[in-house]
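The residues making up each chain are set out below.
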Amino acid sequence: MYENDEPAPVRLDLLVVGSANADLVIGVERRPGPGETVLGSDLVVHPGGKGANQAVAAARLGARTALLARVGDDAHGRLLLESQQQAGVDTGGVLVGGAPTGVALITVDPSGDNSIVVSPGANARLTPEDIKAADPLFRAARVVSVQLEIPLETVAETARSLAPGSRLVLNPSPPAPLPEDVLSACDPLVVNEHEARYILGDTAGPAPEDWARTLLTHGPRSVVVTLGAAGALVADSRTADCVRVPSPEVDAVDTTGAGDAFTAALAWRLGLGDELAAAAAFAVRVGAAAVTGQGAQASFPTAAQVAEV
Ligand code: ADP
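Residues numbered from 1 in each chain as written. Predicted model: local features only at pLDDT ≥ 70, side-chain atom pairs only at ≥ 80, totals over all residues. Heavy atoms only, no water.

1. Notes on the environment of Leu183
Its location among the elements puts Leu183 in helix H6 (residues 180–185). Between the alpha carbons of Leu183 and Ala277 there is a distance of 20 Å; along the sequence they are 94 residues apart. Setting aside its immediate chain neighbours within four residues, Leu183 contacts Leu178, Leu189, His218, Gly219 and Pro220. (Helix = DSSP H or I, 4+ residues; strand = E, 2+ residues; numbered from the N terminus. Contact = heavy atoms within 4.5 Å.)

This is the structure:
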């Protein structure tokens, strides 16, 4: 956290409040059944977690970005801090200690199917008090982006902590029931098909346009539905517009982290003053660029790379 001699940033394009995990990946011929042991490849450790991913994605594009998160006082925590700093993220808001760094244990078989066990660790210890203590970051940020890999009460405190004039971008992943005050603070709520269907349940209509319109009735001021290779759809309660934003066609190699790159890019551009459809038009190009590379953070593009998509 910022020490006495270290001032918090005065102006931020984006504050990301969320998770930071070490992704521990082992390739296996087949995944083990109950009670079974299988041998796998050498371990590969990647920085991950939706919060950390979004912060890196935004900073790589050139956004002045800070991450508010919690990691353990351990090697995984140091790896995460390093990857943030290398991308240019302000890590003064990353709290250290209280529990081991969150990890995702991932086994991948030759067909690419994976099994994942997540230990939230320090992410589960990011508290509403931590959010209150980070008030200078909130006052500096035009846009605050949050996801659900941290406690729900911490997400709710984040929604309450917005400075006047700044906006909240929420990606409800992994999906969970959301309180009304959080939903109505979203501008926009960003969901993929799975998250939209989770929130809507039986009320999901046949088309993404139906999902967006029905999601708006839950309170958010705007909604963005991401549609993979088909791009995205934006809907705004102020204009009643529902607009499709197509994605450029690319050869997709690995879609890991595409949603995080999309959301970070969208949030940044909204903070710069773009209209929702314009911000989404930029974000689909960032998402498309991200799927052309392997991994999550490793695949996030610079602004120059986005220009080539
Ligand atoms: P998530 O990764 O959260 O499941 P999506 O699959 O909808 O979300 O992808 C998020 C964004 O990433 C899309 O809106 C799009 O911009 C981009 N994207 C994902 N898959 C592709 C693809 N195959 N081709 C081009 N862009 C893609």
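2. A few points about the sheet that holds strand E6 (residues 102–108)
Read from one edge to the other, the open sheet built from four strands follows the order E3-E2-E6-E7, with strand pairing classed as mixed. The sheet terminates laterally at strand E3 (44–48) and strand E7 (114–119), the two strands that pair on one side only. Along the sheet, successive strands turn relative to each other by an average axial angle of 20°, direction set aside. Across the face of the sheet, helix H2 (residues 75–87) comes into contact with strand E2 (21–27), E3 and E6 while running at roughly 55° to E3. (Pairing = 2+ DSSP bridges. Axes fitted to C-alpha atoms, helices over the stretch in contact; angles between N-to-C directions.)

3. Points about unusual backbone geometry
Leave glycine aside and you will find that most residues have negative phi; peptide bonds, for their part, are mostly trans. Cis geometry is adopted by the peptide bond preceding Pro174, which originates at Ser173 and carries an omega value of -5°. Its location among the elements puts Pro174 in the loop between strand E9 (167–171) and H6. Residue Asp187 is joined to Pro188 through a cis peptide bond whose omega torsion reads 10°. Residue position: Pro188 is located in strand E10 (residues 186–191). In the Ramachandran plot, Ala240 falls in the positive-phi region, its phi being about 60° despite a non-glycine side chain. Tracing the backbone shows Ala240 in the loop between strand E12 (232–236) and strand E13 (242–245).

4. Some remarks on the site of the ligand
If you check the shell around the ligand, you find 17 residues, and the closest are Asn192, Thr226, Gly228, Gly231 and Gly259. At 3.5 Å from an oxygen atom of the ligand is found a main-chain nitrogen or oxygen belonging to Leu227. At 3.3 Å, a backbone N or O of Gly259 approaches an oxygen atom of the ligand. Expressed as a share of its isolated accessible area of 550 Å², the protein-covered part of the ligand is 81%. Looking at the shell around the ligand, the elements with two or more residues in it are helix H9 (258–271) and helix H10 (276–291). Here the element with the most residues in the shell around the ligand is H10; it accounts for four residues. Residues of the shell around the ligand, tallied by class, amount to ten nonpolar, seven polar and no charged. (Near = heavy atom within 4 Å. Polar contact = N/O pair within 3.5 Å; in protein donor to acceptor, adjacent residues only side chain to side chain. Areas by Shrake-Rupley, 256 points an atom, 1.4 Å probe, with all protein chains shown as cover. Nonpolar A, V, L, I, M, F, W, Y, C, P; charged D, E, K, R; others polar.)

5. Structural notes on the pattern of salt bridges
Proximity of charged atoms lets side chains of opposite charge pair with each other. Counting across every chain of the model gives 15 salt bridges. Taking the shortest distance from any N to any O, the salt bridge between Arg197 and Glu193 comes out at 3.1 Å. Remark: Glu193 and Arg197 occur in helix H7 (residues 193–200); sequence separation between them is four residues, near one turn of the helix. Among the residues examined, Arg197 registers a relative accessible area of 39% and is labelled partly exposed. Residue classification places Glu193 among the partly exposed residues on the basis of a relative accessible area of 40%. Put simply, Arg244 and Glu209 hold a salt bridge, and the shortest N to O gap is 2.9 Å. Remark: Glu209 occurs in helix H8 (residues 208–216) and Arg244 occurs in strand E13; sequence separation between them is 35 residues. In this structure, a network of salt bridges that share partners links the residues Arg167, Asp187, Asp236 and Arg238. (Salt bridge = Lys/Arg side-chain N within 4 Å of Asp/Glu carboxyl O. Buried < 20%, exposed > 50% of the residue type's maximum accessible area, 1.4 Å probe, protein only.)

6. Focus: the packing of helix H1 (residues 50–61) against H2
Where H1 contacts H2, the two axes come as close as 8 Å, and the packing angle between them is 20°. As judged from the angle between their axes, H1 and H2 are roughly parallel. Relative to H2, the crossing made by H1 is left-handed. Judged by residue contacts, Ala52, Ala55, Val56, Ala59 and Arg60 of H1 engage Leu80, Ser83, Gln84 and Ala87 from H2. (Parallel < 35°, antiparallel > 145°, perpendicular 65-115°, else oblique. Left-handed = near helix turned anticlockwise from the far one by under 90°.)

7. With respect to the nonpolar core
Judged by nonpolar contacts, the single largest core of 45 residues is most densely connected at Val224, Phe262 and Leu266. Secondary structure elements with two or more residues in this core: strand E1 (12–17), H1, strand E4 (65–71), H2, E12, H9 and H10. Once you skip the residues sitting within four places of it in the chain, Val224 turns out to touch Pro188, Leu189, Val190, Val191, Ala232, Leu233, Val234, Phe262, Leu266 and Leu276. Counting residues in each nonpolar core, the second largest holds 41 residues, with Ala156, Val191, Trp211 and Leu215 among its members. (Core = buried A, V, L, I, M, F, W, Y, C linked by side-chain atoms within 4.5 Å.)

8. Side note on the pairing of E4
Consecutive residues of a regular strand have side chains that alternate between opposite faces of the sheet. Taken across its seven residues, E4 has seven buried, putting it largely inside the fold. Along E4, one buried face is formed by Thr65, Leu67, Ala69 and Val71 and the opposite face, lined by Ala66, Leu68 and Arg70, is buried too. As defined by bridge partners, E1 adjoins E4 across four bridges and the pair is classed as parallel. Paired with Leu15 across the bridge in E4 is Ala66. Bridge analysis of E4 against strand E5 (residues 94–96) gives three bridges, and the strand direction is parallel. Bridged to Arg70 within E5 is Leu95. A crossover links E4 with its parallel partner E5, the connecting element being H2, and its sense is right-handed. (Right-handed = clockwise from strand over helix to strand, strands pointing away.)

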